[in-house]
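Notes for the structure review
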Amino acid sequence: MANRTHSIGILGIAAALLVGCGASTPTKELQDARAAYQEAARGNAAELVPDKLLSAKQSLDKAEAAHNEDSGSVQEKSLSYVAQRMAELAVALAGQAQAQKDVVDAEKKFDETQESMRKQAQDEAARTAMALKANQDKLDKVRKDLADENNKVGEQAKKLAAQEADLNAKKAELEARQKELEAEKAARALAEQKLAAALKSLEDIAKVARTQRGLVITLSGEVLFVTGKAALLPLAKDKLATVAKYLQQEPYDKKIVVEGYTDSVGKDDANMKLSQARADTVREYLVMQGVKPDRISAEGKGKANPIADNKTAEGRANNRRVEIVIK
Amino acid sequence: MRLVTGIVAALAACLAVACGAAAPVPQAQVTETQAAIRAAEEVGAPGVPKAALHLKMAKDQLQTAQALMAQEDNEQAKMTLDRARVDAELALALAREAAFRIKAQEALDKIKKLQEEAGNSKPAAQ
């Protein structure tokens, strides 16, 4: 008991002494604690983990109180140690909170970026699809135009081919016609040749003249007939054969008239009768020689159309004749 | 001054000795401190330099506290346990902070990579 009182008494003195020297040098631990708190208070702990910062302050206050009460004591040191750690804890927790926020922000940004990229790609794809379609449409149009052109060309080619065929046909026709014409020409030339030849032969045996009436072949009566009769002399037959040959050379559509003539001697009706008989005889013979009967006729003219003067013997002889007229 | 300091020291020691034995056994605090240390280890404090330091300090102080308790110096043991626990909590917080910082950096790197991909896949200027 006395020991206790003694201890308390000494305590009282020590306390008084302490109070007197209390506000003196803080321990290193307390200084470190104060510094740590200052740093924590300066940072983002106040904003992010205010409750932890408050706890740190409270720890520091405890340490300060211990310092005031018993400066340099083990309590002060221990509490300061704890206070320092509490301040550092607040800082660490604030750091963690910030990092967590950063993660959330970063993830948000990631999603936004991804979405933006996706949308960009989509727009790109849509643009590409549109461009592709536009090109496809262009291509289709070009193809269509080409097809139309081809059709047109095809049509024109057909037309041309038809025209060509037509031309060829006409050409062939023309050639055929030309050949026909040439054949006709050749035939005509041949005919003309024959005619000319026949005419030459005729001119050798008779008088041939072109007049208004046509071609007139004049044969003397004395050469042809027995005097005063209508019978043919043998020589006459040769001549008439030549005449017949000629007549057959002349175109069929030309009419032939055998005209008999006498001089002016004797009765008219006798002369007419004789001239007619003579014309008939000549006609008959010519038909026998091959001249088609329906193109040749015979006419007795009597003393009409004298070609010479009936007053002279020569003249009368000349008038006694047969004329074969080819009209 | 030296005299005062000497008296104060003597008094403090007396106080400690006088009151030490009377304080309760801080068994709950021991359990809590041990739990805090385990938590710090699980979060990866040994891999983060600053956290590892505080973790060691927590473990050392826990051992000291248990020794003090064996000597029935519960007062001292309690103060030591306070320090050990706060060190363990700090180690835990530092380890967590480091982990989240890494996560945040990874998230930023992811964005950068995505943006680079976008830049690379852009078609040539028309």
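If you tally the helices and strands in chain A, you get nine helices and five strands. In chain A, buried positions account for 27% of the 327 residues.

Our next topic: the overall build of chain B. Along the backbone of chain B there are four helices and zero strands. Overall, chain B shows an N-to-C arrangement of helices and strands of α-α-α-α. Each of the 126 residues in chain B was classed as buried or not, and the buried ones make up 35%. Within chain B, counting contacts between residues at least 6 apart in sequence, those at least 24 apart form 75% of the total.

Here we come to unusual backbone geometry. One non-glycine residue, Asn305(A), adopts positive backbone phi at about 50°. Topologically, Asn305(A) is positioned in the loop between β4 (296-302) and α9 (313-319). The phi dihedral of Glu72(B) is positive, around 60°, even though this residue is not glycine. By the element assignment, Glu72(B) lies in the loop between α3 (49-70) and α4 (74-121). Looking at Glu72(B), the number of C-beta atoms within 10 Å reads 12, which means it is exposed.

Residue and element names in this part refer to chain A. A sheet is described by the order of its strands in space; here five strands give the open sequence β1-β2-β5-β3-β4, paired in mixed fashion. Where the open sheet ends on each side, the last strands, each with one partner, are β1 (207-211) and β4. On average, each strand axis in the sheet is inclined to that of its neighbour by 20°, with strand direction left out of account. Pairing of strand β3 (residues 256-261) with strand β5 (residues 321-326), which is carried by six bridges, proceeds in the antiparallel orientation. Bridge assignment links Ile 256 to a residue of β5, and that residue is Ile 326.

What follows is about the nonpolar core. One finds Ala90(A), Ala40(B) and Ala91(B) to be the most contacted residues of the largest nonpolar core, which totals 49 residues. Only α2 (28-42), α4 (50-69) and α5 (74-205) of chain A together with α2 (27-43), α3 and α4 of chain B provide two or more residues apiece to this core. Excluding anything up to four places from it in sequence, Ala40(B) contacts Ala45(B), Ala51(B), Leu55(B), Ala88(B), Ala91(B), Leu92(B) and Ala95(B). By size, the runner-up hydrophobic cluster in this structure holds 25 residues, among which are Ala198(A), Ala206(A), Phe225(A) and Leu240(A).

Residue and element names in this part refer to chain A. Relative to each other, α5 and helix α7 (residues 234-249) sit at 155°, their axes nearing to 9 Å. Compared by their axis directions, α5 and α7 come out roughly antiparallel. The two elements α5 and α7 meet at a crossing, and its hand is left-handed. For the pair formed by α5 and α7, the contact residues are Ala 191, Lys 194, Leu 195, Ala 198, Leu 199, Ser 201, Leu 202 and Ile 205 on the first element and Lys 239, Thr 242, Val 243, Lys 245, Tyr 246 and Gln 249 on the second. Across the contact of α5 with α7, the residue classes tally to eight nonpolar, three polar and three charged.

So, on to the packing of α2(A) against α5(A). Residues and elements named next belong to chain A. Two elements in contact, α2 and α5, have axes whose closest approach is 8 Å; the angle formed by their N-to-C orientations is 20°. Relative to α5, α2 is oriented roughly parallel. Considering how the two elements wind past one another, α2 and α5 form a crossing that is left-handed. Here Glu 29, Leu 30, Asp 32, Ala 33, Ala 36, Tyr 37, Glu 39 and Ala 40 of α2 come into contact with α5, specifically with Glu 76, Lys 77, Ser 80, Tyr 81, Ala 83, Gln 84, Ala 87, Glu 88, Ala 90 and Val 91.

Further remarks concern the environment of His67(A). Residues and elements named next belong to chain A. With respect to the helices and strands, His 67 occurs in helix α4. Separated by 13 residues in sequence, His 67 and Ser 80 have C-alpha atoms that sit 9.0 Å apart. Leaving out residues up to four positions away in the same chain, His 67 has contacts with Pro 26, Leu 30 and Glu 76.

Glancing now at the pairing of β1(A). Residues and elements named next belong to chain A. With zero of five residues buried, β1 is to be regarded as a mostly surface element. Bridge analysis of β1 against strand β2 (residues 214-220) gives five bridges, and the strand direction is antiparallel. Counted as the bridge partner of Arg 210 is Leu 215 from β2. In this structure, the hairpin formed by β1 and β2 is closed by a connection of two residues.

Along the polypeptide, Lys255(A) turns up in the loop between α7 and β3. Each C-alpha atom, one on Lys255(A) and one on Ser297(A), is 8.2 Å from the other, the two residues being 42 residues apart in sequence.

The next thing to look at is the pairing of β4(A). Residues and elements named next belong to chain A. Where burial is concerned, the two faces of β4 differ: the one with Ile 296, Ala 298, Gly 300 and Gly 302 is buried and the one with Ser 297, Glu 299 and Lys 301 is not. Inspection of the sheet shows β3 paired to β4 by six bridges, in the parallel sense. Bridged to Ile 256 within β4 is Ile 296.

Moving on: α2(B). Residues and elements named next belong to chain B. Between its first and last C-alpha, α2 extends 25 Å over 17 residues, near the 24 Å set by a 1.5 Å rise per residue. Within α2, burial applies to Thr 33, Ala 36, Ile 37, Ala 40 and Val 43. Buried residues along α2 cover an arc of 130° about the axis, so they all sit on one side. More than 90 degrees from the buried face of α2, the exposed residues found are Gln 27, Ala 28, Thr 31, Ala 35, Arg 38 and Glu 42. Directly beyond the C-terminal end of α2, a positive phi value near 100° is found at Gly 44.

Attention now moves to the confidence of the model for chain B. Low pLDDT marks stretches whose predicted atomic positions should not be read closely. All names here are of chain B. Per-residue confidence for chain B gives a mean pLDDT of 84, with 78% of residues at or over 70. Looking over chain B, one finds the lowest element-wise mean pLDDT in helix α1 (residues 2-20), namely 53, and the highest in α3, namely 96. Predicted complex, confidence summary: ipTM 0.78, pTM 0.52.

What counts, and at which threshold
Residues numbered from 1 in each chain as written. Chains lettered and ligands numbered in written order. Predicted model: local features only at pLDDT ≥ 70, side-chain atom pairs only at ≥ 80, totals over all residues. Helix = DSSP H or I, 4+ residues; strand = E, 2+ residues; numbered from the N terminus. Buried ≥ 20, exposed ≤ 12 C-beta atoms within 10 Å, placed from the backbone. Contact = placed C-beta atoms within 7 Å. Pairing = 2+ DSSP bridges. Axes fitted to C-alpha atoms, helices over the stretch in contact; angles between N-to-C directions. Core = buried A, V, L, I, M, F, W, Y, C linked by C-beta atoms within 7 Å. Parallel < 35°, antiparallel > 145°, perpendicular 65-115°, else oblique. Left-handed = near helix turned anticlockwise from the far one by under 90°. Nonpolar A, V, L, I, M, F, W, Y, C, P; charged D, E, K, R; others polar. Expected span 1.5 Å × (residues − 1). Arc of directions from axis to C-beta. pLDDT = per-residue confidence, 0-100.

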